[in-house]
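Descriptive analysis of the structure
For reference, the chains in residue letters:
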Amino acid sequence: MHTTVTLLVDHHPVAIERVLQVARYRGFNVVGMNLTRDSELEQRLVLEIASERNIELLVKQLAKIYHVRELKVGAEFQLAARPTPVAAARSMATPAAQVQRG
């Protein structure tokens, strides 16, 4: 049985590796993968999973990964513009040129 799982993950070097590692550890085969960068901080990963196991076993584990922000089973989702905690923190940071040293 083939199932599509769509994830919104942080744009971080280890994020994709952890998702694929969890799929492998749980005995699911990734037969297709599409990765697109949605913003500077996020990327969308669409996996086609082949397994006779219940997909909920995998979904529950994927939801626990720190870098996974959203996930959906069976269809792709449309992303709404939303601020991320990292982007909000960056916008509040004072540029080095404005720091007064005394």
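Residues numbered from 1 in each chain as written. Predicted model: local features only at pLDDT ≥ 70, side-chain atom pairs only at ≥ 80, totals over all residues. Heavy atoms only, no water.

Description of the overall build of the protein chain
When you go through the protein chain residue by residue, the secondary structure sums to 3 helices and 4 strands. Here the protein chain, with 102 residues, has 32% of them falling under the buried criterion. Taking the intrachain contacts of the protein chain between residues at least 6 apart in sequence as the baseline, contacts between residues at least 24 apart amount to 70%. When the accessible area of the protein chain is evaluated, it comes to approximately 6900 Å², of which 51% is carbon and sulfur surface. (Helix = DSSP H or I, 4+ residues; strand = E, 2+ residues; numbered from the N terminus. Buried < 20%, exposed > 50% of the residue type's maximum accessible area, 1.4 Å probe, protein only. Contact = heavy atoms within 4.5 Å. Areas by Shrake-Rupley, 256 points an atom, 1.4 Å probe, with all protein chains shown as cover.)

Observations regarding helix 1 (residues 15-25)
Listing the buried residues of helix 1 in full gives Ala15, Ile16, Val19, Val22 and Ala23. Here the buried residues of helix 1 occupy an arc of 130° about the axis, which is enough to place them on one side. Within helix 1, the exposed residues directed more than 90 degrees away from the buried face are Glu17, Arg24 and Tyr25. Looking at the packing, one finds that the buried side of helix 1 touches strand 1 (2-10), strand 2 (29-37), strand 3 (42-50), helix 2 (55-62) and strand 4 (68-73). Just beyond helix 1, the residue with positive phi is Gly27, at close to 85°. (Arc of directions from axis to C-beta.)

A short note on empty space enclosed by the protein
If a probe the size of a water molecule is rolled over the atoms, the empty space left behind becomes visible. This structure, assessed with the given rule, holds 1 cavity of 30 Å³ or more. As a volume, the largest cavity reaches approximately 30 Å³. Forming the walls of the largest cavity are Met1, Thr3, Phe28, Ile49, Ser51, Arg53 and Ile55. Looking at the lining of the largest cavity residue by residue, the classes come out as 4 nonpolar, 2 polar and 1 charged. (1 Å grid on protein atoms, 1.4 Å probe; cavity = no way out; pocket = protein on both sides within 12 Å on 5 of 7 lines; lining within 4 Å. Points joined across faces, edges and corners; volume = space filled by probe spheres on them. Nonpolar A, V, L, I, M, F, W, Y, C, P; charged D, E, K, R; others polar.)

A few points about the side chain of Gln43
Relative to the assigned elements, Gln43 resides in strand 3. Among the polar contacts listed, one links the side chain of Gln43 to the backbone oxygen of Asp10, at a separation of 3.3 Å. Apart from the residues within four sequence positions on either side, Gln43 is in contact with Leu7, Leu8, Val9, Asp10, His11, His12, Ile16, Leu35, Thr36, Arg37 and Asp38. (Polar contact = N/O pair within 3.5 Å; in protein donor to acceptor, adjacent residues only side chain to side chain.)

Here we look at the sheet that holds strand 3
Spatial ordering of the open sheet is given by 2-3-1-4, a layout of 4 strands whose pairing is antiparallel. Because the sheet does not close on itself, it has two edges, and the strands there are strand 2 and strand 4. Taken over all neighbouring pairs, the strand axes of this sheet differ in orientation by 20° on average, direction set aside. In the sheet, strand 2 pairs with strand 3 via 8 bridges, with the strands oriented antiparallel. In the strand pairing of strand 3, Leu35 is matched with Leu45. (Pairing = 2+ DSSP bridges. Axes fitted to C-alpha atoms, helices over the stretch in contact; angles between N-to-C directions.)

All quantities given are derived from atomic positions and should not be read as evidence of function.
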